[in-house]
Amino acid sequence: MILTVTLNPALDMTWHVDALTPGATHRAPTGSSRAGGKGVNVARVLHAQGHEVLALSTVGGANGAEFETELRASGIPHRLIRVSAATRRSLAIVDDTRGETTVLNERGTALAPVQVATLAATAARLGHTARAVALSGSLPPGFGPEQLGALVAELVGAGTPVVVDTSGAGLLAAARAGATALKPNSEELAEVTGERDPLVGARQLLTLGAQLVMVTLGRDGLLVLDRMHAPLHAGLPRTLHGNPTGAGDAAVAAITAVLATGIRLGGDSAESARAREDLARRGTAWSASAVLMPHAGELSPEHAVLEAEVTVQPIEEDLS
Ligand SMILES: Nc1ncnc2c1ncn2[C@@H]1O[C@H](COP(=O)(O)OP(=O)(O)OP(=O)(O)O)[C@@H](O)[C@H]1O
Ligand SMILES: [Mg+2]
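Since the structure is predicted, the reported quantities are computational estimates derived from the model, not experimental observations.

Draft legend 1. Expanded view of the overall build of the chain. When helices and strands are counted, the chain shows 10 helices and 14 strands. The C-alpha radius of gyration computed for the chain amounts to 19 Å, which stays within 12% of the reference 20 Å derived for 320 residues, consistent with globular compactness. Dimensions of the chain, computed from the C-alpha atoms along their principal axes, are close to 60 × 45 × 40 Å. Within the span of the chain, comprising 320 residues, buried residues form 52% of the whole. Here the chain holds 25 positive side-chain charges and 32 negative ones, and the gap between their average locations is 5 Å.

Draft legend 2. Representation of the site of ligand 1 in the model. Near ligand 1 there are 21 residues, and of these K38, N185, G221, G248 and S287 occur at the shortest range. Side-chain polar atom of K38 to an oxygen atom of ligand 1: 2.8 Å apart, as the coordinates give it. G246 is positioned with one of its backbone polar atoms (N or O) 3.0 Å from an oxygen atom of ligand 1. When ligand 1 is considered free in solution it has 640 Å² of accessible area, and contact with the protein chains removes 89% of it. Where the shell around ligand 1 is concerned, the elements lending two or more residues are helix 8 (247–259) and helix 9 (270–291).

Draft legend 3. Region of the structure containing the sheet that holds strand 3 (residues 32–36). A sheet is described by the order of its strands in space; here four strands give the open sequence 3-2-6-7, paired in mixed fashion. A single partner strand is all that each edge strand has here, and the edge strands are strand 3 and strand 7 (100–105). Geometrically, the sheet is characterised by an average inter-axis angle of 20 degrees between neighbouring strands, direction not taken into account. With six bridges joining them, strand 6 (residues 88–95) and strand 7 adopt antiparallel strand pairing. Looking across to strand 7, one finds that V94 is bridged to T101. The strands that helix 2 (residues 61–73) touches are strand 2 (10–17), strand 3 and strand 6; relative to strand 3, the one it contacts most, it runs at about 85 degrees.

Draft legend 4. How the structure looks around the side chain of D226. With respect to the helices and strands, D226 occurs in strand 12 (residues 222–226). Polar side-chain contacts of D226 include one of 3.4 Å to the backbone nitrogen of M228. Of note is the side chain of D226, whose polar atom sits 2.7 Å from the side chain of H229. Discounting residues that sit within four places of it in the chain, D226 has contacts with R203, L206, Q211, L212, L265, G266 and R276.

Draft legend 5. Spotlight on the environment of E309. Assignment of secondary structure puts E309 in helix 10 (residues 303–309). By relative accessible area, E309 is classed as partly exposed at 26%. In this structure, the C-alpha to C-alpha distance between E309 and A285, residues 24 residues apart in sequence, is 8.4 Å. E309 has contacts with G235, L236, P237 and R238, leaving out every residue within four places of it along the chain. At 3.0 Å, the side chain of E309 forms a polar contact with the side chain of R238.

Draft legend 6. Representation of the side chain of N8. Note that N8 resides in the loop between strand 1 (2–6) and strand 2. Once residues within four sequence positions are removed from consideration, N8 is found in contact with R88, R107, S138, L139 and P140.

Draft legend 7. Inspection of the nonpolar core at higher detail. Of all hydrophobic cores here, the largest spans 53 residues; its most connected members are L46, F67, V224, L265, L279 and W286. Tallying contributions element by element places helix 8 first for this core, with 10 residues. Counting 43 residues, the second-largest nonpolar core is a separate cluster that includes L56, L111, V192 and L205.

Draft legend 8. Highlighting the pattern of salt bridges. As enumerated under the stated definition, the model contains 10 salt bridges in all. When the shortest N-O distance is used, the salt bridge between E68 and R72 registers 3.3 Å. Linking E68 with R72, this pair stays in helix 2, spanning four residues, or about one helical turn. For E68, a relative accessible area of 15% translates into the label buried. For R281, the salt bridge identified is with E277, shortest N-O distance 3.3 Å.

Draft legend 9. Structural detail: the environment of A230. Tracing the chain through its elements places A230 in the loop between strand 12 and strand 13 (232–235). Measuring from C-alpha to C-alpha, the distance between A230 and I315 comes to 6.2 Å, with 85 residues separating the pair along the chain. Aside from chain neighbours lying at most four places away, what touches A230 is P314 and I315.

Draft legend 10. Region of the structure containing helix 5 (residues 168–176). By the criterion of burial, helix 5 is predominantly enclosed, with seven of the nine residues buried. Next to the buried residues of helix 5 lie helix 4 (145–157), strand 9 (162–165), strand 10 (181–182), helix 6 (186–193) and helix 7 (198–208).

What counts, and where the lines are drawn
- Residues numbered from 1 in each chain as written.
- Chains lettered and ligands numbered in written order.
- Predicted model: local features only at pLDDT ≥ 70, side-chain atom pairs only at ≥ 80, totals over all residues.
- Heavy atoms only, no water.
- Helix = DSSP H or I, 4+ residues; strand = E, 2+ residues; numbered from the N terminus.
- Rg over C-alpha atoms; globule rule 2.2 N^0.38 Å.
- Buried < 20%, exposed > 50% of the residue type's maximum accessible area, 1.4 Å probe, protein only.
- Lys, Arg positive; Asp, Glu negative; His and termini not counted.
- Charge placed at Lys NZ, Arg CZ, Asp CG, Glu CD.
- Near = heavy atom within 4 Å.
- Polar contact = N/O pair within 3.5 Å; in protein donor to acceptor, adjacent residues only side chain to side chain.
- Areas by Shrake-Rupley, 256 points an atom, 1.4 Å probe, with all protein chains shown as cover.
- Pairing = 2+ DSSP bridges.
- Axes fitted to C-alpha atoms, helices over the stretch in contact; angles between N-to-C directions.
- Contact = heavy atoms within 4.5 Å.
- Core = buried A, V, L, I, M, F, W, Y, C linked by side-chain atoms within 4.5 Å.
- Salt bridge = Lys/Arg side-chain N within 4 Å of Asp/Glu carboxyl O.

Structure representation (structure tokens):
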């Protein structure tokens, strides 16, 4: 089983309007709501690709009840911890004329310390039985970076591969804790390292303790770095048009699926080298195919065709 952990879930609500005008009243068709949060998106991708997954999250209040109902209907195996704080909402308004989406993300209400402890302990217990764990998204108020770091260190120490996709202090804490893989996008990486060059920034995360870093570069593809081997750049020869929200989550799903096979990505064998290249190729194909889909957490069936189009090249760095 692959465990996905969504520490800060949200009920994703989407409305479509012909044209969004600030300050005006709009008539709109009935909106939709889905269980969301980055770990849930990762679980949706893996589940659809035939992997055995378990999505761990919290739920609270009436929004939490709606979250749970939708998750159950989607057929994704899940474990939900009841908390007193209401599940936050994320509101997306899609302007169908401009093809633009305006998003309002509630920050959410702080978790009580006892609920933080239950969440961390449950993630650790389930993680010990998992083939790989993905920890995705922001940290809820009350769940500190040091608690994320402790969870990552415990799981990695017990031999479970852990992929972390978060930002800010949580990203640095996960690197220091020796995360098996980190997946920042270029802005998240620049924000925590102060480096515009993603190769230099990713090296900082490796120096802190991360074992592998995949930096996603939007339409420019992605980089895969470890401590011992030449970095890889992977990309498609063309830009795709669609909805890039959740593309990074599809990349996280690809990393987690590869790690769940038990392969050591940092090894010196020909098998490890092939696995790093496969990871770069699959990460690019899955994330690019997510751009073609209307909702986060979905891959277009095109991903198999795209995989054949992806180019993977080692980057020769000037280390002098
Ligand atoms: N327009 C595009 N055309 C082709 N591929 C794309 C495009 N946008 C994104 N991708 C693919 O998706 C990957 C992830 O994109 P990006 O760097 O935007 O992730 P992200 O910001 O973490 O996304 P999110 O957090 O919303 O899931 C890229 O590395 C690339 O492979
Ligand atoms: Mg992201």
